[in-house]
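Below are the chains, spelled out letter by letter.
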Amino acid sequence: MLGEFEYLIITAAACLGENAYSAAIRDEIENATGHKCSIGALYTTVDRLEAKGLVRTWMGEATPQRGGRAKRMIQVTAAGVRAAEQFYNAVNRVTRNVSWAPHRRAMETCR
Amino acid sequence: MKFPNGWWWVECIAGLLAPGDRETVLGDLAEAGESSGQSFLSVAGLVIRRQLLVWRSWRPWLAAFGLAMPASFLLMGFSVSVAQNYHAVIGATVAQATGFKVGPGFTMLLCDIGLLAAWSWTGGFAVGTISRRTTWMSAALSLLACTFCLARFRIDSLSRLCLLLFLPPAAAGLFLGLRIARIRLGAALAVAITITALTIPQWSKPGAWLPNWALSWPAWYLVAIASRHKAPLRSVMHGE
């Protein structure tokens, strides 16, 4: 099963689609979690995901705002999508009856 | 795009990353517009994480602590022995002005020189092959051993530099080991058999078997990896 940081990367890459590359994924994770995402953690986790066959990476185009340096493009593979679905379902199942689950909170408000 | 002055340090530490990583990491940092201090810490963090991952394998430990350091001590001892033999055989011949006579001492000297070169070369090659990403640590431990011995060398008739006779062939082997993953099976077998044959005259010396085998196993390791991968040789730019 995926770790939570692995899940964040796969989800961010899936949301960004064709524009998924390391810097954009980092931004997406920082915006979603409100925490700083270190380059070291991001790159080593992407390497691990690639080794597991859950993402595919390649060198993309260079742009002027990157100082003419190439991007590391990231694409989620079919196995990556399955692993993310598994993680999401497991989190959903385990949090079904906890007080902070959205539907549970809504039910308590109705009562 | 022109980078500010502090980026020089960032570029320096990024030099420790693989070329592909370096390109994308520096690009990401430029795009994020992070300060040079933050960028330095980010890249240093990645370098440390990468190194820690590499050191989780047994290979860097074997290359650095099982081969580079102990072999450096043993080869320095053997270098001094070769230098002393050379001094005794060639020096005596020249002093007596009797011309160039080939005797048993001279043959032994040639064997020892060949053995020193072969042990050093195969040791260097094996270090480069076993763990190319941690060659810096293997080289540092070898240099540490050299510094230790150079500081304690006390033989008046010999120069301290004779300790380092093993370094040129070892460095040549290391560079070739880093450039190509392995040598051909035939060549590896020839080197290993030659080394083993050259150690035969040393078998009579008591206690010589331990350094002999400690220095000969890299040659048989090269045979093992050559026989495991009989595919054509390929150039290895980076990675294990």
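Residues numbered from 1 in each chain as written. Chains lettered and ligands numbered in written order. Predicted model: local features only at pLDDT ≥ 70, side-chain atom pairs only at ≥ 80, totals over all residues.

**Quick word on the overall build of chain B**
Reasoning step 1: Assigned secondary structure in chain B consists of nine helices and zero strands.
Reasoning step 2: From first element to last, N terminus to C terminus, chain B shows the α and β order α-α-α-α-α-α-α-α-α.
Reasoning step 3: Out of the 240 residues in chain B, the part that is buried amounts to 33%.
Reasoning step 4: Sequence separation of at least 24 residues holds for 84% of the intrachain contacts in chain B that already meet a minimum separation of 6. (Helix = DSSP H or I, 4+ residues; strand = E, 2+ residues; numbered from the N terminus. Buried ≥ 20, exposed ≤ 12 C-beta atoms within 10 Å, placed from the backbone. Contact = placed C-beta atoms within 7 Å.)

**A short note on the overall build of chain A**
Reasoning step 1: From N to C terminus, chain A includes five helices and two strands.
Reasoning step 2: Across chain A, helices and strands are ordered from the amino to the carboxyl terminus as α-α-α-β-β-α-α.
Reasoning step 3: Over its C-alpha trace chain A gives a radius of gyration of 17 Å, far above what one expects of a compact globule, namely 13 Å for 111 residues.
Reasoning step 4: When its C-alpha atoms are laid out on the principal axes, chain A stretches across 60 × 30 × 25 Å.
Reasoning step 5: When burial is assessed residue by residue, chain A has 29% of its 111 residues classed as buried. (Rg over C-alpha atoms; globule rule 2.2 N^0.38 Å.)

**Things to note about the pairing of strand β1 (residues 55–63) of chain A**
Residue and element names in this part refer to chain A.
Reasoning step 1: Two elements, β1 and strand β2 (residues 69–76), share seven bridges in a ladder whose sense is antiparallel. Bridge pairing links Val55 to Val76 in β2.
Reasoning step 2: Taken together, β1 and the strand that follows it, β2, pair antiparallel across an intervening segment of five residues, in which Gly67 is found at a positive phi of about 70 degrees. (Pairing = 2+ DSSP bridges.)

**Quick word on the domain arrangement of chain B**
Reasoning step 1: Assigned domains within chain B: domain 1 (7–54) and domain 2 (58–228).
Reasoning step 2: Here the C-alpha centroids of domain 1 of chain B and domain 2 of chain B sit 38 Å apart. (Domains from an automatic or database assignment.)

**As for the confidence of the model for chain B**
Reasoning step 1: Averaged over every residue, the pLDDT of chain B is 85; residues scoring 70 or more account for 88%.
Reasoning step 2: Across the assembled chains, the prediction reports ipTM 0.84 with pTM 0.73. (pLDDT = per-residue confidence, 0-100.)

**Some words on the interface of chain A and chain B**
Reasoning step 1: Counting from both sides, the interface comprises 18 residues of chain A and, opposite them, 18 residues of chain B.
Reasoning step 2: Where the side of chain A that touches chain B is concerned, the elements lending two or more residues are α2 (22–33), α3 (39–51) and β2 of chain A.

**Regarding the packing of helix α1 (residues 4–16) of chain A against helix α4 (residues 78–94) of chain A**
Residue and element names in this part refer to chain A.
Reasoning step 1: Between α1 and α4, the least distance of the axes is 10 Å, while the angle of their chain directions is 120 degrees. It follows that α1 is oblique to α4 by the angle criterion. Pair α1 / α4 crosses with left-handed handedness. Contacts from Tyr7, Ile10 and Thr11 of α1 reach α4 at Gly80, Ala84 and Phe87.
Reasoning step 2: Looking at the contact of α1 with α4 residue by residue, the class counts come to four nonpolar, two polar and no charged. (Axes fitted to C-alpha atoms, helices over the stretch in contact; angles between N-to-C directions. Parallel < 35°, antiparallel > 145°, perpendicular 65-115°, else oblique. Left-handed = near helix turned anticlockwise from the far one by under 90°. Nonpolar A, V, L, I, M, F, W, Y, C, P; charged D, E, K, R; others polar.)

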